[in-house]
Each structure stands twice: as C-alpha cells, then as structure tokens.
Amino acid sequence: MHYVSTRGEAPRLGPSEIILAGLASDGGLYMPESWPQITTSQMSDFAGLSYAELTAEILAPYFDPDISLAELKDISVDVYGGFNHPQVAPLRKFEEGMWLLELFHGPTLAFKDFALQLLARLMERLAGKLDRPLLLIGATSGDTGAAAVHAFQNMDNIQLHMLHPEGRISELQRKQMTTIKAANIRNYAIRGSFDDCQAMVKRLLLDSDLAKRASLSTVNSINWGRIAAQIPYYFYASLKVGDKGLPPAFAVPSGNFGNCFSAFAASKMGLSVQNFIVGVNDNDGLRRAFEDGQVRNDETLATLSPAMDIQHSSNFERLLLEFSGRSAEKVRAQMNELSMSGGYELDEDWLRRARERFHVTRISEDSILQEIKHVYEASGILIDPHTAVGTAAARLWKEEGGQAPVVCLATAHPAKFPETIEKAIGTPPEIPHTLAGLSELKEFVTHLDASHEGLKNNILQGLET
Ligand SMILES: *Cc1c(COP(=O)(O)O)cnc(C)c1O
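Conventions we followed
Residues numbered from 1 in each chain as written. Predicted model: local features only at pLDDT ≥ 70, side-chain atom pairs only at ≥ 80, totals over all residues. Heavy atoms only, no water. Pairing = 2+ DSSP bridges. Helix = DSSP H or I, 4+ residues; strand = E, 2+ residues; numbered from the N terminus. Axes fitted to C-alpha atoms, helices over the stretch in contact; angles between N-to-C directions. Contact = heavy atoms within 4.5 Å. Near = heavy atom within 4 Å. Polar contact = N/O pair within 3.5 Å; in protein donor to acceptor, adjacent residues only side chain to side chain. Areas by Shrake-Rupley, 256 points an atom, 1.4 Å probe, with all protein chains shown as cover. Nonpolar A, V, L, I, M, F, W, Y, C, P; charged D, E, K, R; others polar. Domains from an automatic or database assignment.

Participant: Before we go on, may I ask you to explain the sheet that holds strand E3 (residues 91–95) in this structure?
Facilitator: Hydrogen bonding along the main chain pairs the strands of a sheet, whether they run parallel or antiparallel. In spatial order, the strands read E3-E4-E14-E9-E10-E13; together these six strands make up an open sheet with mixed pairing. Every other strand in the sheet has two partners, leaving E3 and strand E13 (358–362) as the edge strands with one partner each. Mean inter-strand twist for the sheet, computed between neighbouring axes without regard to direction, equals 25°. In the sheet, strand E10 (residues 276–280) pairs with E13 via five bridges, with the strands oriented parallel. Counted as the bridge partner of Gly 279 is Thr 361 from E13. Packing of helix H16 (residues 348–357) onto the sheet brings it into contact with E10 and E13, and relative to E13 it is tilted by some 80°.

Listed below in structure tokens is the structure:
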C-alpha cells in the first residue's frame, strides 16, 4: 500500500513511513492511494472470527508489505486480549431497531484505546529500528491523552508530549493521564482551546529544529494509523447485527471526525452502510458546513461532551479530498484560503456527494441530558454524554423516516462523566475500580501559554535529559 497527501505536495510513502511521519510534509494528511476491497466471500469467512483476528485481516492490506498478517495477528490478539470484555466490542440492543456498540472496555474506558493500544505496539516496533528517539506530540480534548499515556508509558526510544486545553477536559479524564508517572511522558496544560492545541501540534510536527533532533510523529487521528485501527469494529458490528438482512446505519458522535472517517473507510472497502448519522454538540461547524457550504474558523464552546469540543475537525480534510474526485489541488487551495482568510466554500458537487452519505445533526446541551435520562428510563442502560449525542441524532434520523437498523457507537464509559450523569438521572454512576482512587494521586503537568516557542523549548530541554 502507498499513501498520498491530501494536499498533493508531499512524497508518496509506504505504511511504516506514514505511521512515523504522522502529518505529511506539505501540512496535509495521508490517505491510502486506493481502497483495499473486501469481497462478499471474504465477508462470510470473517463471520466466525474473533475481534482480534478480524482486526488483523482488515488491517493487513493497509500495512502490506511492511507488517505481515501473522505479525498483525500476534499484536492484535495480545492488545485486545487485555480488554475487559471477552467480545472486546460487544453489541447490545437497547431499543427496537437500535444497538449500542460498546467501545469502552479498554484500559482507559473510551474508544480511543482501540487505536492507541495497537498504534503504540506498531510504533514501538518501528522505533526500535530508528537511530534517534521517536518524539510523539499530541493534542487531546479528553480521551486521546489518557489512552495514549497508558499505551506508550515506559516504551524505549519513544517520548510522548501530550497537550490539553487547561480547564476544558473533565477532572477524571485529566487525572487518568496526568497521574501516570513515566519518564517518557510529558503532559502540558495549554491556556487555550483544543483547536489551539491541535494547531500547535501541526506546527511542531513541521518544525525543522525539532526534526534535526528526533523523528517526529503524532498520536492524533491526523495519523492514518489511528483511522485504520478504528475500521475493524464497523465490520465486526455489521457481521453481528444482521437485522432482516438490511445494511445498518452508523450513528457516530463526532469531534475531529476520525471515528466517522473510519466508518466511511469501511464502506469504501465494500461494507454496506445505509447512512452515516453524525452527531455534533454545540460546536457545530461541521453541521453548518454541510448545511450552507461555508467552513469558518469559529470559537469553541465548553459543553457536556468535552471530547467533541472541536470546531475545526482535522479529518474533514480527508473527506474534502474524497468527495472532490481526489483533487489534491482543490484541497490545497481550500486549506490556503482557510489560513489566509479564516474560511472557504464547498462547491455544489462536493455537497451533493457528501449529503448523500452523511446526515449531520446538532444536539443541544439540554437534549444530551434528556437523552441520557430517556435511555436510562426505557432500558436501564446508562450512556455517557458523547454516546448520547449519537443516539439522539439517530432518534431524530428515524423520526424523519430513516429506515435501517442503527448501530450507535458508545464511545466512553458513563462513569467517566459522573457530574453529567447525576444531572441527567439524579444519581451518580457507580465508579469502576480503574477510576476510583485517582483523586489521591499526584499529578504531573506543566502549564504553558499557547505559544509555539515556549512549548518547543520545553520539548528541546526534554530531549537533552
Ligand atoms: C474522541 C471522542 C469522540 C470524538 O471522536 P472523533 O474521532 O474525534 O470524531 C467522541 N466521544 C468520545 C468519548 C471521545 O473520546
């Protein structure tokens, strides 16, 4: 497999190279040059596989020829064997025609573990062959940080620098990442928004001084490895749901559009998907883009679903390329316009193609609370505020006449957001033992302004010690 940049001016690279690069050198995102195809007969062969075996089969073409199917299987069996549910990603019916795909049985109780646990193992293998340290820089709106810190702690020859917007992630989310004491991990609380953090990461990844000292990459879904590792659970859910033989719709609560892009990638590989139902919170830049064709840089608001408090979804750039007939030139022009004048327009052709597949809905703060309460009262199941954005969007889609079994992605364990759960149903959730006791632990974190130079100096100092 070869990969190309969304902006068309970076070298075409192989699988290991793009994992180690993260961002393309032209500032674009790497995309597979073509979509590997899963045939119907392969699909029926996959029906009996475990989650880990299925993952290896789906990912093999993306890593060919650098990592073999057998190696992928070893890593995947090891990684997903450590999840605390035998099915890894269990599917649970919660209402007529609606299922939850529970993606919170990994070590940090959010879906980010699926990709980061696997990516860490792949990067460890690749970093072992480098003659200098692998420096990973990432931004988190809540769950990526914890998942990354847990996955990469104490790995040789890898340093992880994790940025989060100060005061904008939940206390539990913060403590899950800042209380891990490992020499190769640094946490930074940045005085700014997640979008500021993500912009800082992109700039650092292209910094030539840093590049002289270390090999630079990222754990964000800018990195194709993240997107790839989230594709298998869409196949897994489709194989399990089998409702009247109709292809499912997927309801995905979206922030950086990574999880959603993985669903889209699964469909490009041949998986039948009725529709992609995208739920966003009050940070609804994505919805406005689909509605009026205008993309703008907007302020980010703090909401009950903090992991989705993102106005500029980085993976939207991948969708730009895909629905523009793969015109990197067009994407490059749009990205230039965004940085020069703070916005750009989507053309009619692009919008028509995108609207055919994606149905984007904004879910207000009140509706999030009502949805948690409704699902709890109707089924006895507690869902987290991010998952609620997806199930509420799915409910609206059905009310508007949408017909398909709907698989709603349950992206985090409700116990990660006890205050919101209590607000919604009147009682706090039971706290699992992995989260209990965090409040007593010491936090390791550096507070910084949203300044490129300040952070860069900190990282350079870290390389010296
Ligand atoms: C990261 C996250 C999301 C958003 O996923 P994207 O891939 O960024 O769109 C939704 N829910 C939870 C719980 C998350 O951690």
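The rest of the description comes next.
Participant: Would you mind showing me how to read the site of the ligand here?
Facilitator: Taken together, 15 residues surround the ligand, and among them Lys 112, Asp 143, Gly 255, Asn 256 and Asn 259 come closest. Within the backbone of Phe 257, a nitrogen or oxygen atom sits 3.0 Å from an oxygen atom of the ligand. Protein coverage of the free-state accessible area of the ligand, which is 380 Å², stands at 98%. When its residues are assigned to classes, the shell around the ligand shows six nonpolar, seven polar and two charged. A domain-level breakdown of the shell around the ligand finds at least three residues from each of domain 1 (91–102 + 231–425) and domain 2 (110–222 + 435–465).

What is shown is where atoms sit, not what they do.
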